[in-house]
Amino acid sequence: MTSETFSPGLDGVIATDTKISLLDTDVEMIIVRGYDLIELAQNLNYTDVAYLVIYGRLPTEAQGREFCETLAEQAEIPDELYRLFELMPKSTVAMDALRTGISFLAGFEDPDLLNDNSHEANLKKGLKLLAQVPALAVNSYRALNDMPFVRPDQSLGYMENFMYMLRGEKPDAVSLDAFDRIHMCYIEHEMPNSTFAARVIASTLADMYGAMVGAVASLKGRLHGGANEAAIEFLLDILKEGGPPRAEAYVMEKLEARARIMGFGHRVYMKKYDPRAKFLMEYIPRLADRVPDGEELASIYNTVEQVMFREKALYPNTDFPIGLLYYELGIPIPLYTPIFLASRTAGNVAHVLEQHDDNRLFRPRVIYSGARDLHPPDKAISPG
Ligand code: ACO
């Protein structure tokens, strides 16, 4: 094993052969099961695309209806989960509460199904997770913030129910449409760290729940999914520090201090535009009048984007517009990454299915740069 095969951060390394998705940076396209993700997000809705991601083909009308019914039937989580959320320390981070919730949920699974990694068994577990993650994400946050639980309303569509739990009332059509399109943009993205984590865990023949718990832990990090929360916090900091007139100087000071501006840069896109960010930025002015500071934040957004391109030749990734869009939709900031995870559950379920259907254990090697040829002393050093 030589250093020529070592790529820090596995940059450029091919981890697997997949039929699920590809970031084709040559044509700036995210290919999902053969379709352009942006075209899907323009024309379909989240449940259609979730079906596509999981089953590999778009649903017929009857299949789409049945899929939505299955998700609705399973949307409610066991009562014990609500009790667990009430027991959590109030300082628990929403993403950690969701991680714990998914882990706890595994205990309610039929033991035969839990350890069955066949395609059919994984599909059942995956659909249940897709159905239940919205209730886990929203109601764990609600408990941590002393807000009453809003249990799923199974008469509502998947995304409408998600927004209903978030807001405690049914969403208006414009909010629901925007929320659904954002959710589609997050659904699947080839081999990000969290999907890789899920596949690595699944490759030991660990179960679907374990793989999903690992994906949540990974997605929380600010270099990954956590960037959507960091991105809006950055914009709000600028607003507090002087607003649009101060934006350029503020970014320059951060760059001079060698700070990372969250929501910019991407391992795969590098110096290219993330197609999801390009698509979603059009929604920012459309939703700006929904919050009192919407116009100012949209203006700061534009300045940050211009300065980042001028100074670093970096484009926003999808977390930059989504941070602001969720804010415009009135969603509490700690829920941004849990909502991202809810969307990505479809993608990660598809990856665990694919991994288990044709498994080989992930087990890379290292370049060892530590000491060698050391020997312990003849007798024990400590008394115990
Ligand atoms: N702000 C400032 N400089 C940046 C940024 C940024 N957001 N991103 C990259 N750079 C600079 C680095 O400082 C480095 O410059 P240098 O060569 O002069 O030292 C160069 O660009 C390359 O950066 P790396 O960290 O080596 O690139 P890598 O591919 O490892 O990192 C990453 C990619 C982690 C996404 C990085 O761009 C970053 O930290 N971005 C901010 C966090 C973020 O938005 N994450 C979300 C990604 S999308 C997603 O996960 C949903």
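Conventions used here
Residues numbered from 1 in each chain as written. Predicted model: local features only at pLDDT ≥ 70, side-chain atom pairs only at ≥ 80, totals over all residues. Heavy atoms only, no water. Patch = residues over 30% accessible without salt bridge, like charges linked within 9 Å, V, L, I, M, F, W, Y side chains within 5 Å. Areas by Shrake-Rupley, 256 points an atom, 1.4 Å probe, with all protein chains shown as cover. Salt bridge = Lys/Arg side-chain N within 4 Å of Asp/Glu carboxyl O. Lys, Arg positive; Asp, Glu negative; His and termini not counted. Charge placed at Lys NZ, Arg CZ, Asp CG, Glu CD. Helix = DSSP H or I, 4+ residues; strand = E, 2+ residues; numbered from the N terminus. Buried < 20%, exposed > 50% of the residue type's maximum accessible area, 1.4 Å probe, protein only. Axes fitted to C-alpha atoms, helices over the stretch in contact; angles between N-to-C directions. Left-handed = near helix turned anticlockwise from the far one by under 90°. Contact = heavy atoms within 4.5 Å. Nonpolar A, V, L, I, M, F, W, Y, C, P; charged D, E, K, R; others polar. 1 Å grid on protein atoms, 1.4 Å probe; cavity = no way out; pocket = protein on both sides within 12 Å on 5 of 7 lines; lining within 4 Å. Points joined across faces, edges and corners; volume = space filled by probe spheres on them. Domains from an automatic or database assignment. Buried area = accessible area lost by both parts, 1.4 Å probe. Phe/Tyr/Trp six-rings, centres within 6.5 Å; stacked < 30°, edge-to-face > 60°. Lys NZ or Arg CZ within 6 Å of the ring centre and 35° of its normal.

Bringing a negative patch on the surface into the picture now. On the surface, a cluster of negative charge is contributed by Asp17, Asp110, Asp112, Asp116, Glu120, Asp357 and Asp358. Here Glu120 lies in helix H7 (residues 119-144). What makes Glu120 exposed here is its relative accessible area of 56%.

Moving on: the packing of helix H10 (residues 193-202) against helix H18 (residues 336-357). Helix packing geometry: the angle between the two helix axes and the distance between the axes. Axis separation between H10 and H18 bottoms out at 9 Å; the angle between their running directions is 35°. Classified by chirality, the crossing of H18 by H10 is right-handed. When H10 is examined against H18, the residues Thr195, Ala198, Arg199 and Ala202 are found in contact with a partner set consisting of Arg344, Asn348, His351, Val352, Glu354, Gln355 and His356. Here the residues of the contact of H10 with H18 are counted per class, giving three nonpolar, five polar and three charged.

What follows is about empty space enclosed by the protein. Taken as a whole and assessed by the stated rule, the structure comprises two cavities of 30 Å³ or more. In this structure, the largest cavity encloses a volume near 100 Å³. The wall of the largest cavity is formed by 14 residues, among which Leu71, Ala72, Ala75, Tyr158 and Asn161 lie closest to the centre. Among the elements of the structure, helix H3 (61-73), H7 and helix H8 (158-167) are those that each provide at least two residues to the lining of the largest cavity.

Domain boundaries assigned for the chain yield domain 1 (21-221 + 334-357) and domain 2 (227-328). Between the C-alpha centres of domain 1 and domain 2 there is a distance of 26 Å. Of the residues lining the interface, 30 residues belong to domain 1; the matching set on domain 2 comes to 25 residues. Together domain 1 and domain 2 conceal approximately 2,200 Å² of surface at their shared face, both sides included; 64% is due to carbon and sulfur atoms. Contact with domain 2 buries surface across domain 1, with Glu28, Ile182 and Tyr336 losing the most and accounting together for 31% of the total.

Using the criterion set out here, one finds 17 aromatic pairs in the structure. Relative to Phe67, the ring of Tyr51 lies with its centre 5.3 Å away and its plane at 90°, an arrangement referred to as edge-to-face. Of the two residues, Tyr51 sits in helix H2 (residues 46-55) while Phe67 sits in helix H3, which places them 16 residues apart along the sequence. For Tyr51, a relative accessible area of 5% puts it in the buried group. For Phe67, a relative accessible area of 4% gives the class buried. Ring geometry for Phe179 against Tyr326: centres 6.3 Å apart, planes inclined by 55°, an arrangement best described as tilted. Of this pair, Phe179 sits in helix H9 (residues 173-186) while Tyr326 is found in helix H17 (residues 319-328), placing the two residues 147 residues apart along the sequence. Look at Tyr326 and you get buried, because its relative accessible area is 0%. Members of the aromatic cluster, each reached through a chain of ring pairs, are Phe162, Phe179, Tyr326 and Tyr336. Lying across the ring of Tyr82, Arg151 places its NZ or CZ 3.9 Å from the centre. Sitting over the face of the ring of Tyr283, Arg286 holds its NZ or CZ atom 4.4 Å from the ring centroid.

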